[in-house]
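Examining the three-dimensional arrangement
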Amino acid sequence: MPVYEFHDEYSLAETADKLGKEAVKLNLIPSFVVHYFPDNRQYYIPNEINSEPLTPEEAYMYFKRLIEESD
């Protein structure tokens, strides 16, 4: 049975933060910015074309895919 790192919106966002930091450490992305709001977070991954905000769910999936593809 898999062990999940999150079980609610807050822990999902915390997991996305950890994956984002790991992606930066692995030089997969140059940086990322998190805007904190009382009820949610928005993630920005800078690139040359655009920088649309990502939800914690989108950021989690994006960072996870980057890290898995780099292995």
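The shown structure was predicted, so the numbers you read here are calculated from the model rather than taken from an experiment.

Calculation criteria
- Residues numbered from 1 in each chain as written.
- Predicted model: local features only at pLDDT ≥ 70, side-chain atom pairs only at ≥ 80, totals over all residues.
- Heavy atoms only, no water.
- Axes fitted to C-alpha atoms, helices over the stretch in contact; angles between N-to-C directions.
- Helix = DSSP H or I, 4+ residues; strand = E, 2+ residues; numbered from the N terminus.
- Left-handed = near helix turned anticlockwise from the far one by under 90°.
- Contact = heavy atoms within 4.5 Å.
- Nonpolar A, V, L, I, M, F, W, Y, C, P; charged D, E, K, R; others polar.
- Pairing = 2+ DSSP bridges.
- Salt bridge = Lys/Arg side-chain N within 4 Å of Asp/Glu carboxyl O.
- Buried < 20%, exposed > 50% of the residue type's maximum accessible area, 1.4 Å probe, protein only.
- Phe/Tyr/Trp six-rings, centres within 6.5 Å; stacked < 30°, edge-to-face > 60°.

Below, the discussion takes up the packing of helix 1 (residues 9-25) against helix 2 (residues 56-70). Close contact between helix 1 and helix 2 brings their axes to 9 Å; oriented N to C, the two are set at 35 degrees. The hand of the helix 1/helix 2 crossing is left-handed. The residues of helix 2 that touch helix 1, namely those facing Leu12, Ala13, Thr15, Ala16, Leu19, Gly20, Glu22 and Ala23, are Pro56, Glu57, Ala59, Tyr60, Phe63, Lys64 and Ile67. The residue makeup of the contact of helix 1 with helix 2, split by class, is 10 nonpolar, 2 polar and 3 charged.

Judged from the 4 bridges that link them, strand 1 (residues 33-36) and strand 2 (residues 41-44) form a sheet pairing that is antiparallel. Counterpart to His35 in the pairing with strand 2 is Gln42. Between strand 1 and strand 2, which follow one another and run antiparallel, lie 4 residues.

Take the pattern of salt bridges next. For the structure shown, the criterion picks out 3 salt bridges. In this structure, the salt-bridge partner of Glu14 is Arg41, at a minimum N-O distance of 2.6 Å. With Glu14 in helix 1 and Arg41 in strand 2, this residue pair connects regions lying 27 residues apart in the sequence. The buried category is assigned to Arg41, whose relative accessible area is 9%. Salt bridges sharing partners connect three or more residues here, namely Glu14, Asp17 and Arg41.

Our next topic: the packing of aromatic side chains. One pass over the full model with this rule turns up 2 aromatic pairs. Connected via pairs of aromatic rings, a cluster forms that spans Phe32, Tyr62 and Phe63.

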